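# Analysis of the macromolecular model
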Amino acid sequence: MGCAYTLSKKGVHVKVDELKTDVGLFKNLELSVGRIIEDKWTEPMGPTPFPEITTIRDWDMKLLQRYKPFYLPYCDVCCLCTFGKCDLTADKRGACGLNMADQQSRIVLLACCIGAATHIAHARHLVEHLIEKYGRNSPINIGGLNIDIEAPVTRLVCGVKPEKLKDLEEVLEYCEKQVTHLLSATHTGQEGSNFDFESKVLHAGMVDQVGMEVADIAQVSVLGFPKADPEAPLADLGFGIADVSKPTILVIGHNVPSSVGIIDYLTDKGLLGKVEVVGICCTAHDITRYSSMAKIVGPISWQLRYIRSGLADLIVVDEQCIRADTLAEAQKVKTPVIASSPKNCLGLENRTESSSEQSIADLVEGKVPGVLILDSDKVGEVAVETVMKIAPKRNKFKVIPKIEEIIEAAKECTECNECRRACPNDQSIPDAMKAAAKGDLNPLAEILDSCVGCARCDSACPNDYPLHSFIVKAGEEKLWNEKFKMRVGRGAIQDVEIRNVGQPIVFGEIPGVVAIVGCSNYPQGGKEVAEIAEEFAKRRFIIVTSGCAAMSMATVKDEEGKTLYEKYSGTFDAGGILNVGSCVSNSHIAGAAIKIANIFAKRKLRANYEEIADYIYNRIGAVGLAWGAYSQKAASIAAGFWRLGVPVIVGPHGSKYRRMLLGRKDKEEDWYAYDARTGDKVYVGPAPEHLFTAAETKEEAIVLIAKLCMRPNDTSKGRAIKLTHYIDLHKRLYGVMPNDIHLYVRNNADIPITMKDDILKILEEKGWKETRIPDPTLLPRLIRKTKGE
Amino acid sequence: MGLKEEPWQKAEIAGPKKALLILKPEVVATMVKRAKRPLMVVGHLAAEDYSEDAKMIDYAIRISNTAGIPVVATAHVVSEFIKRGFYSAAYMPAMDIGDRLADSEWKGLDGNGPYDLALFMGLPYYMEFVILSGLKHFSTNLKTISLDRFYNPHASWSFPNLSIKDWKDNLEIIVNKLGGN
Ligand code: SF4
Ligand code: SF4
Ligand code: SF4
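So, how was this worked out
Residues numbered from 1 in each chain as written. Chains lettered and ligands numbered in written order. Predicted model: local features only at pLDDT ≥ 70, side-chain atom pairs only at ≥ 80, totals over all residues. Heavy atoms only, no water. Contact = heavy atoms within 4.5 Å. Buried area = accessible area lost by both parts, 1.4 Å probe. Salt bridge = Lys/Arg side-chain N within 4 Å of Asp/Glu carboxyl O. Polar contact = N/O pair within 3.5 Å; in protein donor to acceptor, adjacent residues only side chain to side chain. Helix = DSSP H or I, 4+ residues; strand = E, 2+ residues; numbered from the N terminus. Buried < 20%, exposed > 50% of the residue type's maximum accessible area, 1.4 Å probe, protein only. Near = heavy atom within 4 Å. Nonpolar A, V, L, I, M, F, W, Y, C, P; charged D, E, K, R; others polar. Axes fitted to C-alpha atoms, helices over the stretch in contact; angles between N-to-C directions. Parallel < 35°, antiparallel > 145°, perpendicular 65-115°, else oblique. Left-handed = near helix turned anticlockwise from the far one by under 90°. Pairing = 2+ DSSP bridges. Phe/Tyr/Trp six-rings, centres within 6.5 Å; stacked < 30°, edge-to-face > 60°. Lys NZ or Arg CZ within 6 Å of the ring centre and 35° of its normal.

The subject of this paragraph is the interface of chain A and chain B. Facing 49 residues of chain A, the contacting portion of chain B comprises 50 residues. Of all residues in chain A, Phe70, Arg421 and Glu696 of chain A bury the most surface against chain B, accounting for 21% of the area lost on that side. Between the two partners, chain A and chain B, sit six salt bridges. In this structure, the salt-bridge partner of aspartate 666 of chain A is arginine 100 of chain B, at a minimum N-O distance of 3.4 Å. The interface formed by chain A and chain B holds 26 residue pairs in polar contact (both at pLDDT 80 or more) in total. For the side of chain A that touches chain B, the secondary-structure elements that each account for two or more residues are strand E5 (68–71), helix H2 (100–134), helix H13 (418–422), strand E21 (659–662), strand E24 (690–694), helix H26 (698–708) and helix H27 (716–734) of chain A.

See the structure below:
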């Protein structure tokens with residue numbers, strides 16, 4: 001019997017290679033207090049299994065030294081405890097001793113804890129639900145033979161290889177514990193350093209990534225979603241996508257079991273095709289991964305316009321990003337609501353244990369505006385039976401006003417500007433109302449394109465005009481004709497795809513991987529993300545997408561009527577546009593970067609976080625763009641990428657996240673790395689320049705993406721390609737050459753041939769000197785040979 | 001127009017320390033003249049708002065030419081400066097210039113030392129709001145002025161909410177008092 005004991009913070013750990021007992025022969029058995037893991041993973045344990053909140057702090061500090069926080073306080077005070085309010089203006093401190101930098105980083109940590117807790121709780125619910133339905137021993141299988149590394153994030157962070165659903169429970173326990181610790185650090189009188197708050201932010205992001213991965217691999221494994229399929233089917237998407245002659249169920253949220261319950265019930269009763277099931281936000285992603293009969297309305301910003309248009313005869317909400325006034329809005333159009341998540345009960349009576357017949361009868365007769373049902377099968381039954389009965393009664397009742405009503409109202413508009421001053425995108429609603437009063441509804445219709453559907457204009461209007469509905473009505477014709485195709489979420493990236501592109505990415509010959517993800521709080525509407533995606537797909541970058549951004553990207557067609565998903569391949573390769581799926585599928589994007597380090601570069605994966613992050617940071621030209629990011633989940637998702645060394649750009653509204661992580665290219669001393677071959681410290685240039693920044697315009701985002709794809713490890717050929725894109729885009733969109741080319745040219749071979757003369761002139765002006773291309777790392781322990789050896 | 005001292009986007013409340021109102025545009029000219037190292041930060045809306053005959057960018061160019069104030073064009077608006085024959089604008093993202101201005105050690109675009117006055121215009125209201133806040137809290141010797149036609153409370157000084165006409169009149173006075181025409 002080979003046997004090893006370790007005593008760690010996690011308790012007594014016994015590893016037994018082989019054990020013969022009366023019961024039988026056990027191989028590779030690991031015992032810990034309170035748990036048994038069957039460990040078939042032969043890779044030796046790496047340095048940081050199940051890292052605690054300070055385990056990876058040194059790595060964080062390396063990043064934070066380069067990318068120092070620039071805080072953008074929303075207000076000047078703190079009101080988190082009864083000592084307050086405390087005025088923290090400039091160098092003032094609060095009653096607890098906290099200063100403004102500490103407070104801002106603390107708020108960022110709070111946001112990331114909320115985000116991480118949301119994904120992890122979502123994962124917990126899914127795993128428990130799926131274990132109950134499919135059994136603890138259901139295998140994890142997210143890509144069959146195409147995927148060996150089924151859970152790259154979990155393996156990297158925790159050092160375990162989950163094989164069955166039950167194995168995910170231990171991973172979630174770890175995540176839950178971390179979030180509790182992290183949240184506790186935000187209590188008054190805990191952490192007192194903004195840099196340590198920031199390190200904890202990164203930790204929150206990392207465990208969030210684990211939580212997301214657990215959620216998605218659990219659902220992909222057992223619910224029959226596409227398994228790492230580049231040719232996942234195309235789903236219908238758009239406002240006018242439902243056959244309005246049929247009863248229509250609208251599902252909103254992120255956690256799919258209740259929607260699955262609906263599809264299953266329809267299937268069991270032979271009713272498929274008799275009822276429309278349409279979705280908004282990530283539940284729509286996941287239900288189209290589950291069933292080809294489901295359709296997608298659009299991103300979260302389309303909730304109100306769809307509800308008010310009366311098209312949904314019944315609404316089922318689960319969790320996350322659902323409007324808090326869904327029930328009130330639904331009541332206005334006589335649409336019953338079923339709440340199905342303990343996190344979002346909407347004040348409704350809990351009918352989980354009641355008879356379905358009673359709930360159906362009460363909903364159909366309008367005795368209750370909605371019910372809470374915390375059982376997905378029962379949700380399916382009650383939703384379908386109710387919608388069939390209520391649809392004919394409702395007759396698509398809507399609260400969208402008639403044109404004449406808008407014109408009459410517009411005549412009474414006082415041009416007080418309250419609507420515009422409430423609008424996040426500063427829309428000229430008063431001017432549009434002025435035009436409407438004269439019968440011209442075009443200006444109102446134009447607002448719809450950049451409207452994020454918040455209805456703050458409605459709330460602000462002293463005349464109580466339902467302005468959002470006015471805007472929807474004015475733009476109705478276009479809206480109704482909106483029918484698009486979106487490739488449904490494919491899930492993970494195959495190992496073989498990684499093998500094919502690993503080298504060209506790391507050498508820089510595929511100029512970058514651009515992850516266009518996140519919510520729909522856009523400054524100018526969703527079409528900008530489609531434009532950005534196509535710009536880079538044409539340039540042979542790899543475009544990965546998820547969430548609402550993946551949907552917005554589908555809402556543009558070319559002259560032939562094709563969307564990006566119909567024009568570009570879904571393969572993880574140059575020029576591909578891949579939808580990985582819902583919010584929790586973002587983990588596959590991190591997973592792809594991790595797999596490049598592991599599969600292509602053969603870096604050890606198991607609990608080896610720092611080394612893999614160092615690899616990704618220095619070599620993989622990946623950039624995240626969350627153009628409409630608004631949520632706390634988006635904050636924690638971004639934080640997970642930062643810790644892995646992947647820069648993230650947000651749209652202008654993202655400036656309200658209160659802090660950027662910005663590099664200073666003008667400080668030469670910030671940009672030195674070790675050459676792992678020699679141990680020398682080598683200037684590597686500001687690549688990537690920032691870890692987190694908000695771009696003001698689409699043009700700025702495009703130029704930044706091209707620039708942030710550069711990495712110290714680029715070969716000269718790769719760097720020349722990346723520079724070509726950066727310079728070309730800069731010249732086209734800014735009308736001038738970039739002013740920092742000299743920082744990115746390391747030797748003559750880096751210079752793009754077609755621009756050689758111009759660039760040589762610039763280099764001369766700037767007094768440029770050649771630098772060498774090292775084997776870059778920030779980790780001294782990875783230096784293979786030190787001087788004098 | 002809304003109340004003069006209210007933030008244009010009504011929920012963007014700041015304080016206790018709030019921007020002083022610029023009630024007389026001459027004051028801006030005086031502050032610019034007194035400043036040792038002034039700088040102008042111009043966002044992309046400068047070329048889009050407010051109307052054809054009252055573009056912020058044209059005033060930015062006139063102020064810069066008159067008073068010799070360097071300009072940092074954010075986002076892609078440098079192309080608009082060039083289209084107007086103004087070639088000396090530096091360019092960098094709004095977050096980058098905000099970050100540098102917050103750093104009292106930054107030696108400026110020309111390497112001659114930190115700025116003591118930054119005039120802002122043309123950024124999205126909320127973005128300017130948070131950047132001005134970052135500077136209010138974290139810069140040491142910098143004063144900021146918002147020259148948009150809306151009250152932006154995190155600046156040191158800001159115009160109140162103004163009509164396009166009043167805003168234009170104010171900018172004309174500033175250019176005039178700085179010695180331009
Ligand atoms: S947490 Fe600190 S700064 Fe905030 S209100 Fe309490 S004492 Fe004041
Ligand atoms: S609903 Fe649209 S127009 Fe109204 S305030 Fe929100 S974004 Fe502006
Ligand atoms: S808030 Fe109402 S009354 Fe005032 S300008 Fe807007 S639409 Fe007109």
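Moving on from the model shown.
Counting buried residues in helix H17 (residues 467–474) of chain A gives eight out of eight residues, a clear majority hidden from the surface. Within the span of H17 of chain A, buried status applies to Leu467, His468, Ser469, Phe470, Ile471, Val472, Lys473 and Ala474 of chain A.

Next up on the list: the side chain of serine 133 of chain B. With respect to the helices and strands, serine 133 of chain B occurs in helix H5 (residues 125–138). A distance of 2.5 Å separates the side chain of serine 133 of chain B from the backbone oxygen of proline 73 of chain A, its partner in a polar contact. Excluding residues within four positions of it along the chain, serine 133 of chain B makes contact with Leu72 and Pro73 of chain A together with His154 of chain B.

Residue and element names in this part refer to chain A. The environment of ligand 3 is made up of 14 residues, and the closest members are Cys413, Cys416, Asn417, Cys419 and Cys461. Elements with a minimum of two residues in the shell around ligand 3: H13 and helix H14 (429–437). Here the shell around ligand 3 is composed, by residue class, of nine nonpolar, three polar and two charged.

Another aspect to go through is the packing of H2 of chain A against helix H4 (residues 167–184) of chain A. Residues and elements named next belong to chain A. At a minimum axis distance of 10 Å, the contact between H2 and H4 shows a crossing angle of 155°. On the basis of the axis angle, H2 is roughly antiparallel to H4. Between H2 and H4 lies a crossing of left-handed hand. Here Leu109, Leu110, Cys113, Ala116, Ala117, Ile120, Ala123, Arg124, Val127 and Ile131 of H2 come into contact with H4, specifically with Leu168, Glu169, Leu172, Glu173, Cys175, Glu176, Val179, Leu182 and Leu183. The residue inventory of the contact of H2 with H4, partitioned by class, reads 15 nonpolar, no polar and four charged.

All right, on to the sheet that holds strand E2 (residues 38–42) of chain B then. Residue and element names in this part refer to chain B. In space, the seven strands of this open sheet follow the order E1-E9-E8-E7-E2-E5-E6, with parallel pairing throughout. Sheet topology places strand E1 (20–21) and strand E6 (90–91) at the edges, where each strand pairs with a single neighbour. Sheet topology note: the E2/strand E7 (residues 117–121) ladder contains five bridges and is parallel. What sits directly across from methionine 40, in E7, is leucine 119. Taken strand by strand, helix H4 (residues 94–101) contacts E2, strand E5 (71–73) and E7, and its axis lies near 155° from that of E2.

Right, let's talk about the packing of aromatic side chains for a bit. Two measures describe an aromatic ring pair: the distance that separates the ring centres and the angle between the ring planes. Taken as a whole, this structure holds 20 aromatic pairs over all chains when the rule is applied. With a centroid separation of 5.6 Å and 55° between ring planes, the pair formed by tryptophan 106 of chain B and tyrosine 115 of chain B is classed as tilted. Each member of the pair tryptophan 106 of chain B and tyrosine 115 of chain B is classed as buried. The rings of Trp8, Tyr50, Tyr59, Phe150 and Trp167 of chain B are connected pair by pair, giving a single aromatic cluster. Here arginine 155 of chain A stacks its cationic end above the ring of tryptophan 41 of chain A, 4.7 Å away from the centre of that ring.

Attention now moves to the pairing of E24 of chain A. All names here are of chain A. Taken across its five residues, E24 has five buried, putting it largely inside the fold. Here strand E20 (residues 648–650) pairs with E24 via three bridges, running parallel. Looking at the pairing, isoleucine 649 lines up with threonine 693 of E24. As judged from the two bridges shared by E21 and E24, these two strands associate in the antiparallel manner. Note on E24: the bridge partner recorded for leucine 661 is phenylalanine 692.

All names here are of chain A. Sheet architecture is open: three strands sit in the order E23-E22-E25, paired in antiparallel fashion. Either end of the sheet is taken by a strand with one partner, and the two such strands are strand E23 (681–683) and strand E25 (776–777). As judged from the three bridges shared by strand E22 (residues 672–675) and E23, these two strands associate in the antiparallel manner. Residue tyrosine 672 lies in a different strand from E23, and its bridge partner there is tyrosine 683.

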